[in-house]
Amino acid sequence: TSEESMGRLAVDGEAWVNALATKEQALRALESDLDALKVRNETLQGLLDSVREDADQSKAQLKVLEAEKSNLQTAIDNAENEADRLTSNMNQQKESFKSELEVARKKCRDQEQELEKLRPELSVVQTQTIALKEAIESMEARAAKASA
């Protein structure tokens, strides 16, 4: 019958309106979620941009530090080379001084030996000098007596 048909149609229409309202609420909820995701996406994009900027700055700082490291390594290498050169020079001087010292010691030993050889002669000369002095004093005393 038509009343039944109308009733069903009213029920179907109401169900359809309820379903539409539910879908509209779901759509609003999805739009709200989409807005929240957009905000989150913008925030994440900002963070990503910040991280990229930090990474770029870190890369630039790393290049500067690598250049400084290279300069320091060059300075260290130069200092080590200079230290090696100075050590070599010092060792050469040390060897030269050792040789000169050995020559001087030998010369000193030779002079000591020569001195030891001359000691008996010196003793004889000292004895002769004393004897001559006594002879001169004696002659002067005799000369003084003779002239008196």
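Rules used in this analysis
Residues numbered from 1 in each chain as written. Predicted model: local features only at pLDDT ≥ 70, side-chain atom pairs only at ≥ 80, totals over all residues. Heavy atoms only, no water. Helix = DSSP H or I, 4+ residues; strand = E, 2+ residues; numbered from the N terminus. Rg over C-alpha atoms; globule rule 2.2 N^0.38 Å. Buried < 20%, exposed > 50% of the residue type's maximum accessible area, 1.4 Å probe, protein only. Salt bridge = Lys/Arg side-chain N within 4 Å of Asp/Glu carboxyl O. Patch = residues over 30% accessible without salt bridge, like charges linked within 9 Å, V, L, I, M, F, W, Y side chains within 5 Å. Areas by Shrake-Rupley, 256 points an atom, 1.4 Å probe, with all protein chains shown as cover. Lys, Arg positive; Asp, Glu negative; His and termini not counted. Charge placed at Lys NZ, Arg CZ, Asp CG, Glu CD.

Student: Explanation requested: the overall build of the protein chain in the structure shown.
Tutor: Broken down by element type, the protein chain carries one helix and zero strands. Since a compact globule built from 148 residues should have a radius of gyration of about 15 Å, the 60 Å found for the protein chain marks it as more spread out than a globular shape. C-alpha extents for the protein chain along the principal axes are approximately 200 × 35 × 20 Å. The buried share of the protein chain, taken over its 148 residues, is 0%.

Student: Quick question: what am I supposed to make of the pattern of salt bridges here?
Tutor: Pairs can form between side chains of opposite charge whenever their charged atoms are close. Here the structure, examined in full by the defined rule, presents seven salt bridges. With a closest N to O distance of 3.5 Å, Arg-8 and Glu-4 form a salt bridge. With Arg-8 and Glu-4 both in helix α1 (residues 2-147) and four residues apart, this pair spans about one turn of that helix. Note on Glu-4: relative accessible area 47%, which makes it partly exposed. Two residues, Lys-98 and Glu-95, come together in a salt bridge whose shortest N-O distance is 3.8 Å. In this pair, Lys-98 and Glu-95 are both assigned in helix α1, three residues apart and thus about one turn of the helix distant. Of the residues examined, Lys-98 reaches a relative accessible area of 48% and is grouped as partly exposed.

Student: Honestly, a negative patch on the surface in this entry has me stumped. Any pointers?
Tutor: Taken together, the side chains of Asp-49, Glu-53, Asp-54 and Asp-56 make up a negatively charged region of the molecular surface. Mapped onto the secondary structure, Asp-49 falls in helix α1. Since its relative accessible area comes to 41%, Asp-49 is described here as partly exposed.

So far we have only geometry, and geometry alone does not tell us how the molecule works.
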